[in-house]
Amino acid sequence: MVWLVPAVLVVMAGVFYLYGQILRLLSKTTLRNRVVLITDSASALGKECAKVFHKGGARLILCGKNWEKLEDLAEQLANESDPTLTFPPKLVELDFSDMELMPEVVSDVLDCYGCLDVLIFNSSMKVKAPVQTLSLEMDKMVMDANYFGPITLAKGVLPSMITRRSGHIILVNSIQGKLAVPFRTTYAASKHAVQAFFDCLRAEVQEYGISVSTLSHTFIKAAPSVKQAPAANSVLSVLTRQKPHGVSPEEMAGELLKTLSSKKNEIIMAHSISKAAIYARSFFPNFFFAVTAAGVRSAAAMETVKNSHKHTPNPCGKPSQKS
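Note that the coordinates shown come from a computational prediction; the quantities given were computed from them, not determined experimentally. (Residues numbered from 1 in each chain as written. Predicted model: local features only at pLDDT ≥ 70, side-chain atom pairs only at ≥ 80, totals over all residues. Heavy atoms only, no water.)

(A) The overall build of the chain, seen in detail. When you go through the chain residue by residue, the secondary structure sums to 10 helices and 7 strands. Across the chain, every contact between residues at least 6 apart in sequence was considered, and the portion connecting residues at least 24 apart equals 76%. Of the accessible surface of the chain, which amounts to about 18100 Å², a share of 61% is contributed by carbon and sulfur atoms. (Helix = DSSP H or I, 4+ residues; strand = E, 2+ residues; numbered from the N terminus. Contact = heavy atoms within 4.5 Å. Areas by Shrake-Rupley, 256 points an atom, 1.4 Å probe, with all protein chains shown as cover.)

As structure tokens, then:
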């Protein structure tokens, strides 16, 4: 009987593995000929998604602010694939910080193939600073990039999806759309806003056969060649960490691929502490607020000590020298 528990665990692990592989295969078959738009395609996650979906036979619309980078990505995809099994990507210049051009962007997107099957929001603008140091102009810039831009594009293509009674919108959002962290007021506010918008939209468009999914993560892992600074051992850093080096673009792209088949409403890619913090915020808000406030005080105290060591005068009144 001692071997029974390990055997059950092995069988369950095998079942989950097979289920994941089946979803992945179904996703690849459903990608064929589907029109997929990816915002910020030149980013690490955008490039990985473009590679996966292009190989799956999707008709890609690559969007981004830098036209040269989009052209380089399109050329790379063409060189790495079989032209008889794939489609040349369409390119659309898109900058969410320039809201006046959004109607033109929506028109360009719909002109590519006349419709849109999958819309993946991947772009984001980050800012970290004490609230009193941020200008109103910066607040507006972040809200345009993270909230007004995405919802404007979604509203622009939604009538086409409603007419066809099909479509899938996927929002790649930060965990801070569900969990507010100090010193990220504007960023967290924009992420909360866009999360709420797509949560509401999901219920409104369900009757038209349109799916809306949100994938919340902590941060995307940098390239292996980039040396990561050691994470601070504080309450705030623990809440925003995913893994020692974050989530890889490959993991994220794989999860997005599975989401196309499962049509899962919400995915949270974070470690257990971050997930526990989300529940604590909902069920024990006073405790959660006390913990985050303590984290701010601790960080401030450490900064004070660091600065005091920097400016401590020499007791002898002479410049100190290293031995």
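Once you've had a look at it, read on.
(B) How the structure looks around the pairing of strand 4 (residues 118-121). Taking every second residue as pointing to the same face, both faces of strand 4 are buried, with Val118 and Ile120 on one and Leu119 and Phe121 on the other. Of the strand pairs in this sheet, strand 1 (residues 35-38) and strand 4 are connected by 3 bridges, and their pairing is parallel. Directly across from Val36, in strand 4, lies its bridge partner Val118. Pairing geometry for strand 4 and strand 5 (residues 167-174), over 4 bridges, is parallel. Each bridged residue has a counterpart across the sheet, and for Leu119 the counterpart in strand 5 is Ile169. With helix 5 (residues 136-164) bridging strand 4 and its parallel neighbour strand 5, the resulting β-α-β unit is right-handed. (Buried < 20%, exposed > 50% of the residue type's maximum accessible area, 1.4 Å probe, protein only. Pairing = 2+ DSSP bridges. Right-handed = clockwise from strand over helix to strand, strands pointing away.)

(C) Region of the structure containing helix 6 (residues 185-205). With 21 residues, helix 6 should cover 30 Å at 1.5 Å per step; its first-to-last C-alpha distance of 30 Å lies within 8% of that length. Every buried residue of helix 6 is listed here: Thr186, Tyr187, Ala188, Ser190, Lys191, Val194, Gln195, Phe197, Phe198, Leu201, Arg202 and Val205. In this structure, the buried side of helix 6 is in contact with strand 4, helix 5, strand 5, strand 6 (210-217) and strand 7 (266-269). (Expected span 1.5 Å × (residues − 1).)

(D) The arrangement of helix 9 (residues 272-283) in detail. For helix 9, with 12 residues, the first-to-last C-alpha span of 16 Å sits near the 16 Å given by 1.5 Å per residue. What helix 9 keeps buried is the set Ser274, Ala277, Ile278 and Ala280. Seen end-on, helix 9 carries its buried residues on one side only, within an arc spanning 165 degrees. Opposite its buried face, helix 9 presents the exposed residues Ser272, Tyr279, Ser282 and Phe283, each directed more than 90 degrees away. (Arc of directions from axis to C-beta.)

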